[in-house]
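# Structure at a glance
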2 protein chains.
Amino acid sequence: MAELITVEDPDDPRLHDYTGLTDVELRRRREPAEGLFVAEGEKVIRRARDAGYAMRSMLLTPKWADVMRDVIDDTPAPVYVVSPGLAEQVTGYHVHRGALASMRRRPLPAAADVLRTARRVAVLESVNDHTNIGAVFRSAAALGMDAVLLSPDCADPLYRRSVKVSMGAVFAVPHARLDPWLDGLAAVRAAGFRLLALTPGERATPLDEAARHRMDRVALMLGAEGTGLSAKALGAADTQVRIPMAHGVDSLNVAAAAAVAFYAVATGRPES
Amino acid sequence: MAELITVEDPDDPRLHDYTGLTDVELRRRREPAEGLFVAEGEKVIRRARDAGYAMRSMLLTPKWADVMRDVIDDTPAPVYVVSPGLAEQVTGYHVHRGALASMRRRPLPAAADVLRTARRVAVLESVNDHTNIGAVFRSAAALGMDAVLLSPDCADPLYRRSVKVSMGAVFAVPHARLDPWLDGLAAVRAAGFRLLALTPGERATPLDEAARHRMDRVALMLGAEGTGLSAKALGAADTQVRIPMAHGVDSLNVAAAAAVAFYAVATGRPES
């Protein structure tokens, strides 16, 4: 059972894991370097714990210390109880869901290990927006993708905003980095996956043609909002596919495109 | 050609359309009451204009006055040129894309008018998040939905955030309110549309079964993030459909669910 520690000094060094949470640039550097990530809100904290992440500490307002009783009883990590005002002083924002946990990062698996058992994976290039990363993971989990592979410059799936938008799906769907990126893509193909690259390019195959049947051993490549996949990544793909568009619209949001593509390859269009 | 007016006083009454833009509650009341909405950024302003909305005025920083030269030449509305600092003082935030336009609202069409020529429509209940509304419109435009029908308590598609997230798709896809809500749903069916209600309910028909063929005269009903469609709305549907989910996930984000469903009914699974 965790120790319950009331803290009243915003400069208490034991709260260091939670300082400056609104400073994205600072936290992006600090969290991987210090081996931690922050889970926010009851559900997400429970999901991180259930996925086997070890807790470094929790920061709770008194109301949430009651709600989280069983989690507290179950962890050896210290639990800091603070007033809502102090939580805001420390973190830099009003913590609506008065419960934060600092969790220990684990080494990422190698892409090769993830690919060994996966049937369908998402491959993201340069998706550097935490909201989009989180949304892609949430859809990947719901729509049966077995893993997400990331180019080195993709945003961190364990950054607080990604975790929150994903509703904890970043814990359910394993992810790995492809580094170096193009060699990594070649390794995905060498592992027996067909590389489908999503692009708005008109000469690409319509997704509903490409995914006529439920697909196995397929890697769905998606690029960043706006720029899309790089020419080199498109060149490395087996097939370029496009989502048929109407109204002269040139692109979907990357999270929406991902959801559509995940659904298409998971569902296929079996013979009637 | 528009008059170019340099303004240096943040309290100049001619800038009233742009004051307090970060106060969501205030703007939600003011904008419909004053018959305006705010378009932000070059692309979105051009799309509003191209969709035939009349301009009340523009607020530009000098840099953007150059970029928007042709729009300025083309509008009889006054154009206020202000420093980036003054733009921030007036609006309450740092206007990254230094171009704002106040546009005149038009009366919404009646649902019956919209339904007369539509093949596929989205029907939203209680979606009161501007980001989600914008994302749904963007996907609706891209994936060939002909209109969006909204329950009375849905958020305003012409609110600045909705417009921005939609990338201007709120101008391309007509929308109407169903008011009163349940009578409105009955009217959609009476107009010859089959009502498909998206729900995570296990007894619902899988979407890929329901949308075996490209569907016409179909109305796709979606509820708010979290709560989903109300029991009454579900009861008014012809068929309840669900997106098959994996990993024990219980729901998709409403924008992702919408994208998947729009794709499914637009594409179908034609006989191979």
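Residues numbered from 1 in each chain as written. Chains lettered and ligands numbered in written order. Predicted model: local features only at pLDDT ≥ 70, side-chain atom pairs only at ≥ 80, totals over all residues. Heavy atoms only, no water.

## Let's talk about unusual backbone geometry
Here is the rule: Numbering goes from the N terminus for both helices and strands, where a helix is a DSSP run of H or I of at least four residues and a strand is a run of E of at least two. Buried means the residue's accessible area, taken with a 1.4 Å probe over protein chains only, is under 20% of the maximum for its type, while exposed means over 50%, and partly exposed covers the values in between.
Cis geometry is adopted by the peptide bond preceding Pro180 of chain A, which originates at Asp179 of chain A and carries an omega value of 5°. Structurally, the position occupied by Pro180 of chain A is in the loop between strand S8 (175-177) and helix H10 (181-190). Phi at Ser126 of chain A is positive, roughly 55°, even though this residue is not glycine. Examined against the element boundaries, Ser126 of chain A turns out to sit in the loop between strand S6 (120-124) and helix H7 (130-142). Owing to a relative accessible area of 22%, Ser126 of chain A belongs among the partly exposed residues under this scheme. Phi is positive for Arg217 of chain B, close to 50°, though the residue is something other than glycine. Residue placement: Arg217 of chain B occurs in the loop between helix H11 (207-210) and strand S11 (218-222).

## Description of the nonpolar core
What counts, and what does not: In these notes, a set of buried Ala, Val, Leu, Ile, Met, Phe, Trp, Tyr and Cys residues joined through side-chain atoms within 4.5 Å is what counts as a nonpolar core. The contact rule is simple, with two residues in contact once any of their heavy atoms fall within 4.5 Å.
By size, the foremost hydrophobic cluster in this structure holds 128 residues, and its most contacted members are Met58 and Phe262 of chain A together with Met58 and Phe262 of chain B. The contacts of Met58 of chain B, once residues within four sequence positions are left out, are Tyr18, Ile45, Met68, Val71, Ile72, Thr75, Pro78, Val79, Tyr80, Leu100 and Ala101 of chain B.

## Thoughts on the interface of chain B and chain A
You'll often see interface size given as the accessible area lost when the parts meet. Quick note on the threshold: The term buried area denotes the loss of accessible surface (1.4 Å probe radius) that occurs when two parts are joined, taken as the sum for both partners. A side-chain nitrogen of Lys or Arg and a carboxyl oxygen of Asp or Glu constitute a salt bridge if their distance falls within 4 Å. In protein, a polar contact requires one atom able to donate a hydrogen and another able to accept it; more generally it is a pair of N or O atoms within 3.5 Å, and residues adjacent in sequence count only if both atoms are side-chain atoms.
Taken together, the contact between chain B and chain A spans 33 residues of the former and 33 residues of the latter. Between chain B and chain A, roughly 2700 Å² of surface is buried when both sides are summed, and carbon and sulfur atoms account for 58% of that area. Counting every contact that joins chain B to chain A gives two salt bridges. Of the charged contacts, one joins Glu225 of chain B and Arg138 of chain A as a salt bridge, the two residues approaching to 2.8 Å between their closest N and O atoms. There are eight residue pairs in polar contact (both at pLDDT 80 or more) connecting chain B and chain A. Of all the secondary structure elements, the ones that give two or more residues to the side of chain B that touches chain A are helix H7 (130-142), H11 and helix H13 (254-267) of chain B.

## Things to note about the sheet that holds strand S1 (residues 4-6) of chain A
All names here are of chain A. The test is simple: When DSSP finds two or more bridges between two strands, those strands count as paired. To get an axis, fit a line to the C-alpha atoms, keeping to the stretch in contact for a helix; angles then go from 0 to 180 degrees between the N-to-C directions.
Spatial strand order, S1-S4-S3-S5-S2: five strands in an open sheet with mixed pairing. Two strands bound the open sheet, and with one partner strand each, they are S1 and strand S2 (36-40). For this sheet the average axis-to-axis angle between neighbouring strands, irrespective of direction, equals 20°. Lying over the sheet, helix H1 (residues 24-34) contacts S2 and strand S3 (55-60), oriented at roughly 115° with respect to S2. Each of S2, S3 and strand S5 (99-104) is contacted by helix H2 (residues 42-50), which is oriented at about 135° to S2, the strand it contacts most.

## Remarks on helix H2 (residues 42-50) of chain B
Where H2 of chain B is concerned, the buried positions are Val44, Ile45, Arg46 and Ala48 of chain B. Phi for Gly52 of chain B, located one or two positions after H2 of chain B, is positive at around 95°.

## Overview of the packing of aromatic side chains
All names here are of chain A. Put simply, the rule is: Side-chain rings of Phe, Tyr and Trp (the six-membered ring for Trp) are treated as a pair once their centres are within 6.5 Å; stacked means planes under 30 degrees apart, edge-to-face means over 60, and tilted covers the remaining angles.
Under the defined criterion, the tally for this structure stands at six aromatic pairs over all chains. Here the aromatic rings of Phe37 and Tyr53 are separated by 5.0 Å at their centres, their planes lie at 85°, and the arrangement is edge-to-face. Of this pair, Phe37 sits in strand S2 while Tyr53 sits in the loop between H2 and S3, and the two are 16 residues apart along the sequence. Each member of the pair, Phe37 as well as Tyr53, is classed as buried. Three or more aromatic residues joined by ring pairs form one cluster here, namely Phe37, Tyr53 and Phe171.

## Some words on the relation of the copies chain B and chain A
Keep this limit in mind: Only residues with pLDDT of at least 70 in both copies count here: their C-alpha atoms drive the least-squares fit that superposes the copies.
Note on the identical chains: chain B maps onto chain A by a rotation of 180° and an axial translation of 0.0 Å, with an RMSD of 0.0 Å. Both copies of the chain, as the preceding transformation shows, are related through a two-fold rotation axis. When the interface residues of chain B are mapped onto chain A, 100% of them are again interface residues, pointing to one common binding face.

## Observations regarding the side chain of Ser102 of chain B
Within the element layout of this structure, Ser102 of chain B appears in strand S5 (residues 99-104). If near-sequence neighbours (up to four positions away) are discounted, Ser102 of chain B is found in contact with Asp17, Tyr18, Leu36, Phe37, Met55, Arg56 and Ser57 of chain B.

## Quick look at the pairing of strand S7 (residues 147-150) of chain B
Residues and elements named next belong to chain B. Selection rule: Think of it like this: strands point away, you trace from the first strand over the helix to the second, and a clockwise trace means the crossover is right-handed.
Neither face of S7 is exposed, since Ala147 and Leu149 on one face and Val148 and Leu150 on the opposite face are all buried. Across four bridges, strand S6 (residues 120-124) lies against S7 in parallel orientation. What sits directly across from Leu124, in S7, is Leu150. For the handedness criterion, the β-α-β arrangement of S6, H7 and S7 is classed as right-handed.

## Focus on the side chain of Asp17 of chain A
Residues and elements named next belong to chain A. One can find Asp17 in the loop between S1 and H1. The class for Asp17 is buried, based on a relative accessible area of 10%. At 2.6 Å, the side chain of Asp17 and the side chain of Ser102 are in polar contact. Residue contacts for Asp17: discarding those within four places in its chain leaves Arg27, Arg30, Leu36, Val38, Arg56, Ser57 and Ser102.

## Considering the domain arrangement of chain A
Residue and element names in this part refer to chain A. The cut-off we apply is this: Residue ranges for the domains trace back to a domain assignment, done automatically or taken from a database.
Each domain of chain A was delimited in the assignment, giving domain 1 (4-104) and domain 2 (111-267). When each unit is reduced to the centre of its C-alpha atoms, the spacing between domain 1 and domain 2 is 31 Å. If you look at the interface, domain 1 gives 17 residues, while domain 2 gives ten residues. With both sides pooled, the region where domain 1 packs onto domain 2 buries about 1300 Å², and carbon together with sulfur makes up 62% of that total. At the boundary of domain 1 with domain 2, the tally comes to two salt bridges. The residue Glu40 makes a salt bridge to Arg160 at a minimum N-O spacing of 3.4 Å. Linking domain 1 with domain 2 are four residue pairs in polar contact (both at pLDDT 80 or more). Elements with a contribution of two residues or more to the side of domain 1 that touches domain 2: H1, S2 and H2. Among the elements that make up the side of domain 1 that touches domain 2, the one with the highest residue count is H1 (five residues).

## Quick look at the sheet that holds strand S2 (residues 36-40) of chain B
Residues and elements named next belong to chain B. With respect to topology, five strands assemble into an open sheet ordered S1-S4-S3-S5-S2, the strand pairing being mixed. Two strands close off the open sheet at either side, each with one partner strand: strand S1 (4-6) and S2. Each strand of the sheet is rotated relative to its neighbour by a mean of 20°, with strand direction disregarded. By the bridge criterion, three bridges tie S1 to strand S4 (residues 79-81) in an arrangement that is parallel. Paired with Ile5 across the two strands is Tyr80, which belongs to S4. Here helix H1 (residues 24-34) sits on the sheet in contact with S2 and strand S3 (55-60), set at roughly 115° to S2.

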